Amino acid sequence: MDERELFEKYRETGDIAIRNEIVEKYLYVASLLAKKFAGRGVEYDDLYQVAALALIKGVDRYDPSKGVRFTTFITPTITGEIKNYFRDRSRVIHLPRRVNELRSSIRRAAEELAVERGHDPSAKEIAERLGVTEEEVVRCAEAGGVVSLDHAISDEESTTFHEVLAAEDDGGIERLENREALLSAMKGLSESERALLRYRFGEELSQAETARRMHVSQMYVSRLERKLLARLRESLGEWGS
Amino acid sequence: MKELLRIGLKLEDELFTTVRLATGGVCSLAGLGLDDSEDCKVCVTEGLLLLMHAGYASAEIAVSERDGGLFFSLTGSEEGCAASSDADEISEALLAALAEDALLTRSDGRISCVTFSFGK
């Protein structure tokens, strides 16, 4: 069976065996895309897993009658999921070696600066904050390597990153739980921003589903969400200070 | 439109890391965020792969400031061996997903120029 026949038969029958056949046929796309995004601080295997799951979901959503080839359809879907994963993993801590330590500092500084200044900071701004050169920041973006939150913070100590970070996170959660602060922060949001918050955090829909409901692209949802969260964090920070 | 960088290179995998580093540098100069810079590097690599598979042995990359962002133009310049790959379709979709205004120009039925923008 060719690509179109396979998908049509799967849509007709819902036969999982056919779905599996399709997924196996296109797993190379997941592998290829995972390799293209490797080296940003997340292991290839993790990215491959994310990409493969996005592929399975994509098989269910793909409609061959729309005339777009499956690889063309699935590439942005997988790319979107991988980028979501990077964002979700932004709190992981990097190994305390020179480059990886700097990568970790860069991420932290980038998050802080984004909240302070309301935009995605440049390498120059990050370099100034960390007291390193722009070149170091750019070079470190090429390096990889992450470690689990359960790893010890150094070779000499058994304390884990998770234990060290817990107290700081608890403070954030407490603030977030304060209804008054959140409501205050939400004042002035546009209708689409409120819709995004409702879909993503009220109904806990995926970015893809949110994009479909809002009639926009997943990339748009991703960008809007990032900006919105930065603004809310800033507002909550001001409220708490 | 102010040109910031122009590089001519042989289309060989070994040189792509150098191009990625140069791309990261120019993104930094232009004040792009880290995420955009990383996406930009992916697009430059994909564009060069498309030109390589279209049969070019070398390419020229020109980066300019335009509308407050960066405009990339990748042009094939020296004849080599065409070796179209199944992955080309994915490269095209990836460019469309990551970059603004990704445009593939074809001449004689093959891709000869790839342009896209970031940070507008």
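Residues numbered from 1 in each chain as written. Chains lettered and ligands numbered in written order. Predicted model: local features only at pLDDT ≥ 70, side-chain atom pairs only at ≥ 80, totals over all residues.

Asks: In this structure, what is going on with the overall build of chain A? I would like to understand it.
Replies: Regarding its fold elements, chain A presents 12 helices and zero strands. Helices (α) and strands (β) of chain A occur, in sequence order from the N terminus, as α-α-α-α-α-α-α-α-α-α-α-α. By the burial criterion, 26% of the 241 residues in chain A qualify as buried. Put simply, 54% of the contacts in chain A that link residues at least 6 apart link residues at least 24 apart. (Helix = DSSP H or I, 4+ residues; strand = E, 2+ residues; numbered from the N terminus. Buried ≥ 20, exposed ≤ 12 C-beta atoms within 10 Å, placed from the backbone. Contact = placed C-beta atoms within 7 Å.)

Asks: How should the overall build of chain B be read in this particular structure?
Replies: Summing up its helical and strand segments, chain B has three helices and five strands in all. The order of helices and strands in chain B, counted from the N terminus, is β-α-α-β-β-α-β-β. Evaluated residue by residue, chain B yields a buried proportion of 44% over its 120 residues. A fraction of 63% describes how many contacts in chain B between residues 6 or more apart in sequence connect residues 24 or more apart.

Asks: Would you mind going over the packing of helix 10 (residues 191–202) of chain A against helix 11 (residues 207–214) of chain A with me for this structure?
Replies: Two numbers describe a pair of packed helices, the interaxial angle and the distance between the axes. Residues and elements named next belong to chain A. Viewed as axis vectors pointing N to C, helix 10 and helix 11 meet at an angle of 140°, and their least axial separation amounts to 10 Å. One way to sum up the angle between helix 10 and helix 11 is to call them oblique. Considering only the axes of helix 10 and helix 11, their crossing is right-handed. In contact with S192, A195, L196, Y199 and R200 of helix 10, helix 11 contributes T210, R213 and M214. Considering only residue class, the contact of helix 10 with helix 11 consists of four nonpolar, two polar and two charged. (Axes fitted to C-alpha atoms, helices over the stretch in contact; angles between N-to-C directions. Parallel < 35°, antiparallel > 145°, perpendicular 65-115°, else oblique. Left-handed = near helix turned anticlockwise from the far one by under 90°. Nonpolar A, V, L, I, M, F, W, Y, C, P; charged D, E, K, R; others polar.)

Asks: Looking at this structure, I do not really get the interface of chain A and chain B. What am I missing?
Replies: Opposite the 21 residues of chain A that make contact, chain B presents 21 residues. Of all the secondary structure elements, the ones that give two or more residues to the side of chain A that touches chain B are helix 2 (16–37), helix 4 (70–88), helix 6 (123–130) and helix 7 (134–140) of chain A. At five residues, the largest contribution of residues to the side of chain A that touches chain B is made by helix 4 of chain A. Its residues assigned to classes, the side of chain A that touches chain B comprises nine nonpolar, five polar and seven charged.

Asks: Would you mind showing me how to read the confidence of the model for chain B here?
Replies: Low-pLDDT stretches of the model should not have their predicted coordinates read in fine detail. When pLDDT is averaged along chain B, the result is 90; 100% of the residues meet or exceed 70. Interface confidence for the predicted complex, given as ipTM, is 0.74, next to a pTM of 0.56. (pLDDT = per-residue confidence, 0-100.)

Asks: How should the sheet that holds strand 4 (residues 100–107) of chain B be read in this particular structure?
Replies: By way of backbone hydrogen bonds, the strands of a sheet pair with one another, either parallel or antiparallel. Residue and element names in this part refer to chain B. Taking strand neighbours across the sheet as the criterion, the five strands line up as 1-2-3-5-4 in an open arrangement whose pairing is antiparallel. Edge positions in the sheet fall to strand 1 (2–10) and strand 4, since each has one partner strand and no second. Averaged over neighbouring strand pairs, the angle between their axes works out to 15° when direction is ignored. Bridge count between strand 1 and strand 2 (residues 56–66): eight bridges; the pairing is antiparallel. Its bridge partner being in strand 2, L5 is matched across the sheet by V63. Helix-sheet contacts for helix 2 (residues 34–53) involve strand 2, strand 3 (69–79) and strand 5 (110–118), and the interaxial angle to strand 5 is about 170°. (Pairing = 2+ DSSP bridges.)

Asks: For this particular structure, what's the right way to read unusual backbone geometry?
Replies: For residues other than glycine, phi is negative in most cases, and the peptide bonds are mostly trans. Residues and elements named next belong to chain B. For D67, which is not glycine, the phi torsion reads 50° and is therefore positive. Among the secondary structure elements, D67 is positioned in the loop between strand 2 and strand 3. Of the residues examined, D67 has 11 C-beta atoms within 10 Å and is grouped as exposed. In the Ramachandran plot, D108 falls in the positive-phi region, its phi being about 55° despite a non-glycine side chain. With respect to the helices and strands, D108 occurs in the loop between strand 4 and strand 5.

Asks: Where do I start with the confidence of the model for chain A in this structure?
Replies: Residues and elements named next belong to chain A. Summing up the model confidence of chain A, the mean pLDDT is 77 and the portion of residues at 70 or higher is 73%. Mean pLDDT per element in chain A: helix 8 (residues 161–177) is the minimum at 50, and helix 3 (residues 44–61) is the maximum at 92. Counted against residues more than four places away or in other chains, residues 91–96, with its pLDDT under 50, gives 19 contacts. The low-confidence segment residues 166–170 (pLDDT under 50) makes zero contacts with residues lying over four places distant or belonging to another chain.

Asks: Explanation requested: the pairing of strand 3 of chain B in the structure shown.
Replies: The two faces of the sheet receive side chains in turn, since in a regular strand these alternate between them. Residue and element names in this part refer to chain B. Pairing of strand 2 with strand 3, which is carried by 10 bridges, proceeds in the antiparallel orientation. Bridged to E65 within strand 3 is L70. Connecting strand 2 to the antiparallel partner strand 3 that follows it, the hairpin turn spans two residues, and D67 within it adopts a positive phi of roughly 50°. Relative to strand 5, strand 3 runs antiparallel, the two being bridged by six bridges. Bridge pairing links L70 to F118 in strand 5.

Asks: Help me understand the nonpolar core in this model?
Replies: General note: in soluble globular proteins, nonpolar side chains tend to be found buried as a group. By size, the foremost hydrophobic cluster in this structure holds 55 residues, and its most contacted members are A51(A), L55(A), I78(A), L51(B) and L70(B). Sorting elements by how many residues they give to this core places helix 2 of chain B first, with nine residues. Apart from the residues within four sequence positions on either side, I78(A) is in contact with V29(A), A30(A), L33(A), A51(A), A54(A) and L55(A). Among the nonpolar cores identified, the runner-up in size contains 12 residues, and I106(A), A110(A), A123(A) and V137(A) belong to it. (Core = buried A, V, L, I, M, F, W, Y, C linked by C-beta atoms within 7 Å.)

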